[in-house]
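Per-entry structural report
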Amino acid sequence: MSVIRAFIAIELIPEILEQLDRISKEIRQKSGTHAVRWVPAANIHLTLKFLGDVSVNNLALLTDALSTEVKLHPRFTISIGGLGAYPKVRTPRVVWVGVEGPEPLYTLQRSIEMQMERLGYERDPRDFSPHLTLGRVSRSARPDEIHRVSEALEDYKVGFIGLNPVNEVRLYQSDLRPQGAIYSPIVSAPLAEVIP
Ligand code: 3AM
């Protein structure tokens, strides 16, 4: 049985990706370490749901369920800005840029989570915390390297970056390669147009 690794995400506009690229390069320079695997700007997106292994036989059902759900939700705009790390800036594992969304972002994410659970994809027990992953600190990072990343994050201030309209949601295939992940959109599910 053929399976793919897949996730559902919101794509960002080129203007935002350019800024994220600049920010990530500046932090990389400031921290001066190879302890972080930085995500190429073209791979940065807002993940709504990580599905993991999806059987190719289930793809049609999954994309149907996704499109049917997403078109019930209105378009909205998210606001991008701020810098932080999970679990904490002092002990960074994931370096992120923040996302502020209106309530429809949360409603959309919850509905997708519910539809995917109905199809058998395990629910993520963590609360949805919208963010854009800029980089991941490698597991083999030494304490002094982690400290340098943490200091660079504390020094580097990121304010408001921009607004990103959300008109559709995408199902992506993720191919994990030694040189990094390759994300390919499989299907786009449009949100409802809001009639003024
Ligand atoms: O870009 P972010 O970090 O929001 O972290 C992975 C990435 O999201 C996440 O899925 C997105 C595409 O790879 N991801 C990868 N493995 C995961 C897992 N086991 C995961 N999310 C939850 N559980």
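Residues numbered from 1 in each chain as written. Predicted model: local features only at pLDDT ≥ 70, side-chain atom pairs only at ≥ 80, totals over all residues. Heavy atoms only, no water.

**As for the sheet that holds strand S5 (residues 91–100)**
Within the open sheet, the five strands sit side by side as S2-S6-S5-S4-S7. Their pairing is antiparallel. Bordering the open sheet on either side are strand S2 (36–38) and strand S7 (160–166), each of which pairs with just one other strand. Strand-to-strand twist across the sheet, computed as the mean angle between neighbouring axes with direction ignored, equals 30°. The pairing of strand S4 (residues 76–88) with S7 spans six bridges and is antiparallel. Across the sheet, the residue bridging to Ser 79 is Leu 163, located in S7. Running at roughly 145° to S7, helix H1 (residues 14–31) makes contact with S2, S4, S5, strand S6 (131–137) and S7 of the sheet. (Pairing = 2+ DSSP bridges. Helix = DSSP H or I, 4+ residues; strand = E, 2+ residues; numbered from the N terminus. Axes fitted to C-alpha atoms, helices over the stretch in contact; angles between N-to-C directions. Contact = heavy atoms within 4.5 Å.)

**Focus on the pairing of S4**
Put simply, side chains in a regular strand alternate between the two faces of the sheet. Here S4 runs beside S5; their pairing, made up of eight bridges, is antiparallel. Note that in S5 the partner of Ile 80 across the bridge is Val 99. Here S4 hands over to S5 after two residues, the two strands then running antiparallel side by side.

**Observations concerning the nonpolar core**
Ranked by size, the top nonpolar core spans 52 residues in total, and within it Leu 20, Leu 48 and Leu 134 carry the most contacts. Once residues lying within four places of it in the same chain are set aside, the contact partners of Leu 134 are Leu 20, Ile 23, Ser 24, Ile 27, Arg 37, Trp 38, Val 39, Ile 44, Leu 83, Val 95, Trp 96 and Val 97. (Core = buried A, V, L, I, M, F, W, Y, C linked by side-chain atoms within 4.5 Å. Buried < 20%, exposed > 50% of the residue type's maximum accessible area, 1.4 Å probe, protein only.)

**Here we look at the side chain of Ser 150**
Mapping Ser 150 onto the fold places it in helix H4 (residues 143–155). Apart from residues lying up to four places away in sequence, Ser 150 is in contact with Val 89, Arg 90 and Pro 92.

**Examining the packing of aromatic side chains**
Aromatic rings in a pair are described by how distant their centres are and how their planes are angled relative to each other. A full pass over the atoms with the stated rule returns four aromatic pairs. Look at Phe 7 and Tyr 183: their rings are 4.9 Å apart centre to centre, the planes differ by 75°, and that puts the pair in the edge-to-face class. A residue pair is termed long-range when its members are at least 10 positions apart, and Phe 7 in strand S1 (residues 3–10) and Tyr 183 in strand S9 (residues 180–190) qualify at 176 residues. A centroid spacing of 5.8 Å and a plane angle of 70° characterise the contact between Tyr 106 and Phe 128, whose relative ring orientation is edge-to-face. With Tyr 106 in helix H3 (residues 103–118) and Phe 128 in the loop between H3 and S6, the pair connects residues that are 22 residues apart, well separated along the chain. Within the aromatic cluster, the residues linked to one another by ring pairs are Phe 7, Tyr 172 and Tyr 183. (Phe/Tyr/Trp six-rings, centres within 6.5 Å; stacked < 30°, edge-to-face > 60°.)

**Details of the site of the ligand**
In the vicinity of the ligand, the contacting residues are Arg 5, Phe 7, His 45, Thr 47, Phe 50, Arg 126, His 131, Thr 133, Arg 136 and Tyr 183. Contact distances for the ligand include 3.0 Å between an oxygen atom and a side-chain N or O atom of Arg 136. Within the side chain of Tyr 183, one N or O atom sits 3.4 Å away from an oxygen atom of the ligand. Protein chains shield 69% of the accessible area of the ligand, which is 490 Å² for the free molecule. The element that contributes the greatest number of residues to the shell around the ligand is S6, accounting for three residues. When its residues are assigned to classes, the shell around the ligand shows three nonpolar, four polar and three charged. (Near = heavy atom within 4 Å. Polar contact = N/O pair within 3.5 Å; in protein donor to acceptor, adjacent residues only side chain to side chain. Areas by Shrake-Rupley, 256 points an atom, 1.4 Å probe, with all protein chains shown as cover. Nonpolar A, V, L, I, M, F, W, Y, C, P; charged D, E, K, R; others polar.)

**Side note on the pairing of S6**
Along S6, five of the seven residues are buried, which leaves the element largely enclosed by surrounding structure. Two strands pair when backbone bridges link them, and S2 and S6 are joined in this way by three bridges, in the antiparallel orientation. For Trp 38, the partnering residue across the bridge sits in S6 and is Gly 135. Examined bridge by bridge, S5 and S6 share five bridges and lie antiparallel to one another.

**Thoughts on helix H2 (residues 59–70)**
With 12 residues, H2 extends 16 Å between its outermost C-alpha atoms, agreeing within 8% with the 16 Å of an ideal straight helix rising 1.5 Å per residue. Where H2 is concerned, the buried positions are Leu 59, Leu 62, Thr 63, Ala 65, Leu 66, Glu 69 and Val 70. Projected onto a plane normal to the axis of H2, the buried residues spread over an arc of 160° and lie on a single side. What points out from H2, more than 90 degrees from its buried face, is the exposed set Ala 60, Leu 61 and Asp 64. (Expected span 1.5 Å × (residues − 1). Arc of directions from axis to C-beta.)

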